[in-house]
Amino acid sequence: MKKVLLIMLVLVVVMQFIRPEKNNSKDYTNDISTVVHVPNDVQEILKTSCADCHSNNTVYPWYSEIAPVSWYLASHVNDGKKHLNFSEWTSYNQNQQSHIKKDLEEVMEENEMPLKSYLIVHKDAKLSAKQHEILSNWIQTINVK
């Protein structure tokens, strides 16, 4: 039993050295705000409720430094960015932007975002009815290039 516990401890320690890349960039060249007006209230909603998974600027909690949680978070962020990355908006072609806009409208209509699993830890990310309306109305103003 001691050998098994020792092996498990060594594995846990070794896991801490396998670090996923952090999702932090200061390059705003392709950000949606360079081509779409993003009012202050919308910017705040995006920052609080969307940006951790849908931009190149994730704010990491303390527990993101501990494997295997760090791996899960990295995978989750990468998956979110695969569907939509506000920081890369201008790199999308017209068809991609149009598809993403339709997806955003559907997600808002179905109240699918932010994910419930995200809201468990990030209570401030939950959209109020007013925030939901503000964000939905803003999405309608996005013109696809």
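Basis of the calculations
- Residues numbered from 1 in each chain as written.
- Predicted model: local features only at pLDDT ≥ 70, side-chain atom pairs only at ≥ 80, totals over all residues.
- Heavy atoms only, no water.
- Salt bridge = Lys/Arg side-chain N within 4 Å of Asp/Glu carboxyl O.
- Helix = DSSP H or I, 4+ residues; strand = E, 2+ residues; numbered from the N terminus.
- Buried < 20%, exposed > 50% of the residue type's maximum accessible area, 1.4 Å probe, protein only.
- Patch = residues over 30% accessible without salt bridge, like charges linked within 9 Å, V, L, I, M, F, W, Y side chains within 5 Å.
- Areas by Shrake-Rupley, 256 points an atom, 1.4 Å probe, with all protein chains shown as cover.
- Phe/Tyr/Trp six-rings, centres within 6.5 Å; stacked < 30°, edge-to-face > 60°.
- Lys NZ or Arg CZ within 6 Å of the ring centre and 35° of its normal.

**Student:** Summarise the pattern of salt bridges; cite the residues concerned and give the values.
**Tutor:** One pass over the full model with this rule turns up three salt bridges. A salt bridge links R19 to E65; the nearest nitrogen and oxygen atoms lie 3.3 Å apart. With a gap of 46 residues between them, R19 in the loop between α1 (2–15) and α2 (40–49) and E65 in the loop between α3 (51–54) and α4 (69–83) connect regions that are remote in the sequence. Salt-bridge contacts for D79 lead to K82; the nearest nitrogen and oxygen are separated by 3.4 Å. With D79 and K82 both in helix α4 and three residues apart, the pair spans about one turn of that helix. For K82, a relative accessible area of 62% gives the class exposed. By sharing partners, the salt bridges in this structure join R19, K22 and E65 into a single network.

**Student:** Could you give me a rundown of a nonpolar patch on the surface, with the residues and numbers involved?
**Tutor:** A contiguous nonpolar patch, built from L6, L9, V10, V13, V14, F17, I18 and W71 and spanning about 790 Å² of accessible area, is present on the exposed surface. For the nonpolar patch, the leading source of residues is α1, giving five residues. Locating L6 in the fold gives a position in helix α1.

**Student:** Summarise the packing of aromatic side chains; cite the residues concerned and give the values.
**Tutor:** This model, assessed by the stated rule, comprises three aromatic pairs. With 6.5 Å between their ring centres and 50 degrees between their planes, F86 and W138 make a pair best called tilted. Residue F86 is found in the loop between α4 and α5 (94–110), and its partner W138 is found in helix α7 (residues 129–141); the two are separated by 52 residues along the sequence. Summarising the burial analysis for this pair, F86 and W138 share the class buried. Both rings, one in W89 and one in Y92, keep their centres 6.0 Å apart while their planes meet at 85 degrees; by these two values the pair is edge-to-face. Classification of W89 as buried rests on a relative accessible area of 0%. Taking relative accessible area as the criterion, Y92 reaches 12% and is therefore assigned buried. Taking the ring centre of Y60 as reference, the NZ or CZ of K22 above it sits at 4.1 Å.

Don't take any of this as a statement about function, it's just geometry.
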